[in-house]
Structure formats: structure tokens, C-alpha cells
Amino acid sequence: MKTYRIAVIPGDGIGKELAPEGMRVLDAAARAAGGFSLEYEIFPWGCDYYVQHGMMMPEDGLKTLSTFAAIYFGAVGYPELVPDDVSLHGLLIKLRLGFDQYVCLRPSTLLPGVKSPLRGVKPGDIDFVTVRENTEGEYAGAGGRMHPGQPSELAIETAVFTRAGCERVIRYAFELARSRPRRMLAHATKSNAQKHTLTFWDQIFDEVARDYPDVKTERVLVDAMAARFVLKPGSLDVVVASNLFGDILTDIGGAITGSLGLSASGNIDPERRYPSMFEPVHGSAPDIAGKGIANPIAMAWSGAMMLDFLGEKRAGALIEAAIRAVTAEGTTLTPDLGGTATTTQVTDALVAKVNGLAKA
């Protein structure tokens with residue numbers, strides 16, 4: 001039997017509650033699908049670790065994680081303890097950059113039984129994927145501050161766009177679009193205002209598009225794209241965007257599908273040189289941490305994406321089907337979806353559905 005070693009970083013806030021619940025769903029899917037098992041090692045890195053050690057993770061953390069098949073990540077951030085820019089760059093972005101996880105894959109799907117805040121939208125009307133460039137752009141960390149505290153104080157944050165970085169993520173998006181029935185790819189840009197970086201992005205997109213004549217393409221300014229996420233989400237299939245634009249747009253994608261508690265993601269190295277990392281995108285939610293009401297579905301869905309990436313597609317599909325079955329029934333939902341169930345009760349329901357679907 002094949003065994004995958006999974007590094008688990010629960011992180012902060014509700015991440016500490018959701019990581020064990022996600023592992024329960026993963027183990028149920030592994031048993032139900034058969035043929036493989038998961039071996040976990042938990043790393044207590046995050047804001048509590050920072051308070052004790054002055055860093056979000058050990059200096060040799062990347063080396064330690066490099067031998068694992070994948071990373072299963074909970075959440076990062078606890079501003080009462082550590083400033084958000086320190087916690088994010090010290091852990092999550094450090095992992096993304098260190099392992100060159102240049103694709104951030106975020107599905108936006110309206111599940112059965114879930115009500116969208118958009119009027120007249122029903123399950124099936126929203127089903128698209130955003131491919132976010134994940135290692136450069138506006139989050140590259142290029143810049144600095146000068147003359148702190150003086151009237152002449154200066155802060156510079158430079159967006160970094162390289163030909164290699166743009167081309168590889170755009171090509172990934174084209175391949176993804178080609179694999180889907182609608183074969184549509186839109187890219188979010190702002191080249192009317194950012195005359196150097198985003199015109200460069202547009203140019204490379206057009207160059208790569210020549211290799212994919214079977215994919216219908218569209219260029220959309222990011223402000224218009226944000227409106228389109230809300231007004232015409234059904235017109236979207238695959239969207240590719242820079243680091244900052246992709247980050248903002250996908251939060252809209254989570255909102256229109258009913259709850260950020262349903263938003264899963266994968267930080268992927270498509271070449272598989274390093275471990276990829278799978279995480280819900282709802283954040284650490286300190287306001288509800290410890291209350292037992294955080295939605296475990298995004299954590300479970302991220303786990304399904306991880307299994308699919310590892311090649312255990314049946315197990316991943318069982319989790320996705322279980323999620324759809326639980327939301328469709330509507331009897332075991334957390335408060336963010338209008339229910340009264342606890343985190344553990346929703347996980348119990350997911351595990352039961354995985355087991356039932358495997359026997360069907």
C-alpha cells in the first residue's frame with residue numbers, strides 16, 4: 001500500500017480547530033477508496049511559535065518540509081500577537097516562494113443547497129476557477145522604507161513581473177481551460193493604467209494564446225472583472241490574474257458562492273519539484289476561534305484538491321461528492337451557512353457521506 005507523508009501546519013485561530021477535522025475526512029476517504037494511506041506530521045508553526053521564538057517557522061523549515069508529499073495548511077494570522085505583514089510573510093508567503101508554488105488554484109462553485117447573495121442565481125450557475133500567479137507580482141516583497149518618522153518618509157512597493165513568471169502561469173491557465181468543456185479563458189489586467197507591468201502581462205498572454213487556438217480568450221480590466229464576478233459569474237470559466245488581482249477577485253468568488261467557509265485552494269508547483277500546499281482561504285478568523293462553529297468544508301475541499309493532485313482522484317472525488325451531499329441536505333450546516341451545527345457535527349456528516357458513497 002502506498003503511503004503519502006503529509007506535513008500539517010494548523011497555524012493560527014480556527015486553523016487549529018479545522019486541521020484535525022480535515023484529517024478525519026482525508027482518512028475516511030483514504031479508507032473508502034483503498035490502495036493508499038496518509039501519514040501526518042504536525043508542525044506547530046504560527047503566531048504562538050513567533051511569540052516564543054521570534055520567527056514564524058524555524059530557519060531550516062523549508063528543508064524539513066521538502067521531503068513531504070504535500071503540505072496541509074490551516075490558517076495564518078493573529079494580529080493581537082503578531083502584525084499581519086509579519087505573520088503572512090514569515091510563514092505562508094515564505095512557503096509559497098520557497099517551494100516555487102507559482103500557481104494558486106481557487107475554484108468558485110455554488111454548491112447545492114447553498115444560497116448565493118446574488119439574486120436569481122442557483123447551483124450550477126457559478127462554476128469557474130481562478131488561476132492566481134503566486135510568487136511574484138505585487139507580493140514579491142521588492143521595496144523598502146526610508147527616513148522613518150520624518151516628514152520626508154518614503155515607502156516603495158515594487159511589483160515584479162518576469163517573462164518566465166508570467167508565461168508559466170498563463171500557460172498553466174490555458175492548459176486548464178483546454179481541459180474543461182467550455183474552453184474559455186479570461187485574464188484580468190489593468191494595462192490602461194499600469195503601462196509597464198500589465199502591458200507586459202498582456203503581451204505575454206497574447207503570445208501564449210497562439211499555441212491554444214482552441215481556447216476562447218478575453219481581456220478584461222480588473223475593475224470590470226470584479227463587477228463581472230458579481231453581475232455575470234456564469235459567463236466565466238477560467239480566469240488568470242496577477243498575484244494581487246487574483247487575491248482580491250477570489251475573495252469575491254468566495255462571497256458570491258455563499259461563504260468564505262467554502263473556499264478551498266491549492267498552492268501548486270506543477271513541475272512537482274517541491275511539495276505543493278493546500279489550504280482554505282477563509283483566514284484564521286480570530287473572532288470565532290475556539291467557539292466550535294468554524295466551517296470545515298473548505299478545509300475538507302482543500303484536502304480533496306490535495307488528493308487529486310497526488311493522483312488519488314477517486315478519494316478526492318468522494319470528498320467533493322460528500323460535500324455536495326451535505327450541503328444539498330441542508331440539515332448539518334454551520335452558522336455561516338444559516339445552520340446551527342458545530343464544526344465537529346459537520347465533519348461527522350462529511351465522514352458519514354464519504355463512507356456511504358463508497359458503498360453505493
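Residues numbered from 1 in each chain as written. Predicted model: local features only at pLDDT ≥ 70, side-chain atom pairs only at ≥ 80, totals over all residues. Heavy atoms only, no water.

Caption draft 1: Molecular detail of the sheet that holds strand S12 (residues 276-280). Across the sheet, 10 strands lie side by side as S2-S1-S3-S12-S11-S4-S5-S10-S8-S9; this open sheet has mixed pairing. Each having just a single partner strand, strand S2 (36-42) and strand S9 (216-221) make up the two edges of the open sheet. The mean inter-strand angle of the sheet, taken between neighbouring strand axes irrespective of direction, is 25°. Where strand S1 (residues 2-11) and S2 come together, seven bridges link them in parallel fashion. Note that in S2 the partner of Lys2 across the bridge is Phe36. Running at roughly 145° to S12, helix H4 (residues 84-98) makes contact with S1, strand S3 (70-75), strand S4 (103-109), strand S5 (127-133), strand S11 (264-268) and S12 of the sheet. Against the sheet, helix H8 (residues 243-256) touches S4, S5, strand S8 (184-189) and strand S10 (238-241), its axis set at about 155° to S5. (Pairing = 2+ DSSP bridges. Helix = DSSP H or I, 4+ residues; strand = E, 2+ residues; numbered from the N terminus. Axes fitted to C-alpha atoms, helices over the stretch in contact; angles between N-to-C directions. Contact = heavy atoms within 4.5 Å.)

Caption draft 2: Layout of the packing of helix H1 (residues 15-33) against helix H9 (residues 297-310). Close contact between H1 and H9 brings their axes to 9 Å; oriented N to C, the two are set at 45°. In terms of orientation, H1 lies oblique with respect to H9. Helix-helix and strand crossings are classified by hand; for H1 and H9 the assignment is right-handed. In contact with Leu18, Ala19, Gly22, Val25, Leu26 and Ala29 of H1, H9 contributes Met299, Ala300, Gly303, Met306 and Leu307. (Parallel < 35°, antiparallel > 145°, perpendicular 65-115°, else oblique. Left-handed = near helix turned anticlockwise from the far one by under 90°.)

Caption draft 3: Geometry of the packing of helix H5 (residues 163-179) against helix H6 (residues 197-209). Taken N-terminus to C-terminus, the directions of H5 and H6 make an angle of 45°; their axes are 9 Å apart at the nearest point. The angle between the axes of H5 and H6 places the two elements in the oblique class. For the element pair H5 and H6, the recorded crossing hand is right-handed. Contacts between H5 and H6 involve Arg163, Cys166, Glu167, Val169, Ile170, Arg171 and Phe174 from the former and Phe200, Trp201, Gln203, Ile204, Phe205, Glu207, Val208 and Ala209 from the latter. When its residues are assigned to classes, the contact of H5 with H6 shows 10 nonpolar, one polar and four charged. (Nonpolar A, V, L, I, M, F, W, Y, C, P; charged D, E, K, R; others polar.)

Caption draft 4: Looking closely at the domain arrangement of the protein. Considered domain by domain, the protein is made up of domain 1 (1-102 + 270-359) and domain 2 (116-148 + 155-257). Taking only C-alpha atoms, the centre of domain 1 and the centre of domain 2 are 25 Å apart. Listed as interface residues are eight residues of domain 1 and, on the opposing side, eight residues of domain 2. Carbon and sulfur atoms make up 53% of the area that domain 1 and domain 2 hide from each other, which totals about 850 Å². For the domain 1 face of the interface with domain 2, the top three residues by lost area are Arg96, Leu97 and Tyr102, together amounting to 62%. Along the contact surface separating domain 1 from domain 2 lie one salt bridge. Salt-bridge contacts for Asp100 lead to Arg168; the nearest nitrogen and oxygen are separated by 2.8 Å. On inspection of domain 1 and its partner domain 2, the count reaches three residue pairs in polar contact (both at pLDDT 80 or more). Of the residues that constitute the side of domain 1 that touches domain 2, the class distribution is three nonpolar, two polar and three charged. (Domains from an automatic or database assignment. Buried area = accessible area lost by both parts, 1.4 Å probe. Salt bridge = Lys/Arg side-chain N within 4 Å of Asp/Glu carboxyl O. Polar contact = N/O pair within 3.5 Å; in protein donor to acceptor, adjacent residues only side chain to side chain.)

Caption draft 5: Fine view of the layout of surface pockets. Looking at the largest pocket, its volume works out to about 600 Å³. In terms of lining residues, the largest pocket is bounded by 22 residues, among which Leu105, Leu176, Met305, Asp308 and Glu320 are the most central. Among the elements of the structure, S4, S5, H5, H9 and helix H10 (313-329) are those that each provide at least two residues to the lining of the largest pocket. Here the element with the most residues in the lining of the largest pocket is H10; it accounts for five residues. Class assignment of the residues belonging to the lining of the largest pocket gives a composition of 11 nonpolar, three polar and eight charged. Both domains that furnish three or more residues to the lining of the largest pocket are identified here as domain 1 (1-102 + 270-359) and domain 2 (116-148 + 155-257). The wall of the second largest pocket is formed by 19 residues, among which Leu88, Leu92, Arg106, Asp247 and Val281 lie closest to the centre. Of all the secondary-structure elements, those providing two or more residues to the lining of the second largest pocket are S3, H4, H8 and S12. With five residues, the single largest contributor to the lining of the second largest pocket is H4. In the lining of the second largest pocket, the residues fall into nine nonpolar, four polar and six charged. Residue assignment places the lining of the second largest pocket across two domains, with domain 1 (1-102 + 270-359) and domain 2 (116-148 + 155-257) each supplying three or more. (1 Å grid on protein atoms, 1.4 Å probe; cavity = no way out; pocket = protein on both sides within 12 Å on 5 of 7 lines; lining within 4 Å. Points joined across faces, edges and corners; volume = space filled by probe spheres on them.)

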